[in-house]
Amino acid sequence: MLQCKDVVRETSDYLDGDLPLFKRVGILLHIAICRGCRHYVNQVQQTIRVVSVTQPKEFDNTDTQALAMQLHAAYEKSQSDNV
Ligand SMILES: [Zn+2]
């Protein structure tokens, strides 16, 4: 069984899909029973989403209104996921 420190160490590779199947299953089992690690993995996932939204490919054509709406939607989703 993975420990919390193992989940923290492997979270980035887990979210990138770079882990072998047995490690992915180990993390899934751990976050199913460990609220702290589940929260940690969700937070890292949210951070990656926000960073990818705030670094658009075309800088001269950024739609700030759409960006604000995406950030608001990501925030709303994170609030509903944590219930
Ligand atoms: Zn844990």
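Right above here is the structure, for reference.
Remember, predicted model here, so these are calculated numbers, not experimental data. (Residues numbered from 1 in each chain as written. Predicted model: local features only at pLDDT ≥ 70, side-chain atom pairs only at ≥ 80, totals over all residues.)

Caption draft 1: Looking closely at the overall build of the chain. Broken down by element type, the chain carries four helices and zero strands. Of the regular secondary structure in the chain, the N- to C-terminal order runs α-α-α-α. Expressed as a percentage of the 83 residues in the chain, the buried residues total 7%. Restricting to contacts in the chain with at least 6 residues of sequence separation, those with at least 24 account for 54%. (Helix = DSSP H or I, 4+ residues; strand = E, 2+ residues; numbered from the N terminus. Buried ≥ 20, exposed ≤ 12 C-beta atoms within 10 Å, placed from the backbone. Contact = placed C-beta atoms within 7 Å.)

Caption draft 2: Summary view of the environment of K5. Mapping K5 onto the fold places it in helix α1 (residues 4-16). Judged by the 9 C-beta atoms lying within 10 Å of it, K5 falls in the exposed class. When the C-alpha atoms of K5 and C37 are compared, they prove to be 9.2 Å apart, with 32 residues separating the residues in sequence.

Caption draft 3: Focus on the environment of D81. With respect to the secondary-structure elements, D81 resides in helix α4 (residues 64-81). Classification of D81 as exposed rests on a count of 12 C-beta atoms within 10 Å. Note: C-alpha distance between D81 and H39 (42 residues apart in sequence) is 9.6 Å.

Caption draft 4: Seen up close, the nonpolar core. Counting six residues, the largest nonpolar core is built from V7, Y14, I27, I31, C37 and V41. Secondary structure elements with two or more residues in this core: α1, α2 (21-33) and α3 (35-54). Filtering out sequence-adjacent residues up to four positions away, V7 remains in contact with L2, I27, H30, I31 and C37. (Core = buried A, V, L, I, M, F, W, Y, C linked by C-beta atoms within 7 Å.)

Caption draft 5: Spatial organisation of α4. In this model, α4 (18 residues) spans 25 Å end to end at C-alpha, consistent with the 26 Å of a helix rising 1.5 Å per residue. Counted residue by residue, α4 has zero buried out of 18 residues, so it is predominantly exposed. (Expected span 1.5 Å × (residues − 1).)

Caption draft 6: Focus on the packing of α1 against α2. The geometry of α1 relative to α2 is characterised by a closest axis approach of 11 Å and an angle of 120° between their N-to-C directions. As far as their axial angle goes, α2 and α1 are oblique. In this structure, α1 meets α2 at a crossing whose hand is left-handed. Residue-level inspection shows V7, E10 and Y14 of α1 in contact with α2, the latter providing K23, R24, I27, H30 and I31. Residues belonging to the contact of α1 with α2 are distributed by class as follows: four nonpolar, one polar and three charged. (Axes fitted to C-alpha atoms, helices over the stretch in contact; angles between N-to-C directions. Parallel < 35°, antiparallel > 145°, perpendicular 65-115°, else oblique. Left-handed = near helix turned anticlockwise from the far one by under 90°. Nonpolar A, V, L, I, M, F, W, Y, C, P; charged D, E, K, R; others polar.)

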